[in-house]
Amino acid sequence: MTETILPTPSHTVGPFYGYALPFPEGEQIAPKGHPDTTVLHGHVLDGEGNPVPDALLEFWQAAPDRSLAGAPGSLRRNPVTGGFLGRDGTAFTGFGRVATDADGHYALHTLMPGSTGVPYISVCLFARGLLHHLFTRAYLADGADPLLDSVPQERRATLIARPGENRTHRFDIRLQGEGETVFLEFR
């Protein structure tokens, strides 16, 4: 006889992850001191526009040469505890993990993703009150892109980071309400 296992209910995804998932220099995807470092930064905001101080964001992106391989072994481990000591400081990994500060702000230091189309960085958001993590993209320019083209024009701007001075891009994430960020569903 085959036993049927029923799924368990979802629980909120945080803020318990705050002590276990961040690692030293998780925001430093680009090698330190690289002349082409770009900063993607912004705030995570709730439905009333208040900052979310305990969110965690994961970022994935292509390397400037469009490769997706990353740099295996670029995260150094403590040989005694097995914990992370931080990045090796020279390799481009394509992956970062950043917690928001008390003002709901985050900053990611990276290199411009290579792309055959519009460059973007994939974002996964974990925050208190969410039953499941959320996925979105931060496009670093506007242009023709199959995903962007599928988003209604009035919502498209929520996926496009605003360029600033000195290789910075501002990308705020609004969880709900006016100007809610477009979140993606994967099946």
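Being a predicted model, the structure only gives us computed values, none of them experimental.

A. The overall build of the chain, seen in detail. Scanning the chain for helices and strands turns up 2 helices and 11 strands. Going from the N terminus to the C terminus, the chain shows its helices and strands as β-β-β-β-β-β-β-β-α-α-β-β-β. Counting only residues that meet the buried cut, the chain has 40% of its 187 residues in that class. Sequence-distant contacts, at least 24 apart, represent 67% of the contacts inside the chain between residues at least 6 apart.

B. Spotlight on the environment of Glu48. Among the structural elements, Glu48 can be located in the loop between β1 (38-45) and β2 (56-60). Judged by relative accessible area, Glu48 falls into the exposed class, the value being 71%. In this structure, the C-alpha to C-alpha distance between Glu48 and Glu178, residues 130 residues apart in sequence, is 8.6 Å. In terms of polar contacts, Glu48 uses its side chain to reach the side chain of Asn50, at 3.5 Å.

C. Highlighting the pattern of salt bridges. Counted according to the given criterion, the structure contains 7 salt bridges. Arg156 is paired through a salt bridge with Asp142; the nearest N and O atoms lie 2.9 Å apart. A residue pair is termed long-range when its members are at least 10 positions apart, and Arg156 in helix α2 (residues 153-156) and Asp142 in the loop between β8 (134-139) and α1 (146-150) qualify at 14 residues. We classify Asp142 as exposed; its relative accessible area is 52%. One salt bridge connects Asp172 with Arg170, and the closest N-O pair in it is separated by 2.9 Å. A cluster of three or more residues bridged by salt bridges with shared partners is formed by Asp142, Asp149 and Arg156.

D. Here's a closer look at the sheet that holds β2. Read from one edge to the other, the open sheet built from 4 strands follows the order β5-β2-β7-β8, with strand pairing classed as antiparallel. The open sheet has two free edges, formed respectively by β5 (95-99) and β8, since each of these has just one partner strand. Strand-to-strand twist in this sheet, taken as the mean axis angle between neighbours without regard to direction, amounts to 25°. Relative to β5, β2 runs antiparallel, the two sharing 5 bridges. Note on β5: the bridge partner recorded for Glu58 is Arg97.

E. Geometry of the packing of aromatic side chains. Per the counting criterion, the structure on display carries 3 aromatic pairs. Taking the centre distance of 6.1 Å and the plane angle of 45° together, the rings of Trp60 and Phe95 count as tilted. Of this pair, Trp60 sits in strand β2 while Phe95 is found in strand β5, placing the two residues 35 residues apart along the sequence. Taking relative accessible area as the criterion, Trp60 reaches 34% and is therefore assigned partly exposed. The cationic tip of Arg137 hangs over the ring face of Tyr120; the distance from NZ or CZ to the ring centre is 3.8 Å.

F. Representation of the pairing of strand β6 (residues 105-110) within the structure. Side-chain alternation along β6 places Tyr106, Leu108 and Thr110 on a buried face and His105, Ala107 and His109 on a face that remains uncovered. As judged from the 6 bridges shared by β1 and β6, these two strands associate in the antiparallel manner. Residue Leu40 lies in a different strand from β6, and its bridge partner there is Leu108.

Rules used throughout
- Residues numbered from 1 in each chain as written.
- Predicted model: local features only at pLDDT ≥ 70, side-chain atom pairs only at ≥ 80, totals over all residues.
- Heavy atoms only, no water.
- Helix = DSSP H or I, 4+ residues; strand = E, 2+ residues; numbered from the N terminus.
- Buried < 20%, exposed > 50% of the residue type's maximum accessible area, 1.4 Å probe, protein only.
- Contact = heavy atoms within 4.5 Å.
- Polar contact = N/O pair within 3.5 Å; in protein donor to acceptor, adjacent residues only side chain to side chain.
- Salt bridge = Lys/Arg side-chain N within 4 Å of Asp/Glu carboxyl O.
- Pairing = 2+ DSSP bridges.
- Axes fitted to C-alpha atoms, helices over the stretch in contact; angles between N-to-C directions.
- Phe/Tyr/Trp six-rings, centres within 6.5 Å; stacked < 30°, edge-to-face > 60°.
- Lys NZ or Arg CZ within 6 Å of the ring centre and 35° of its normal.

Scope: geometric values only; no functional claims are made or implied.
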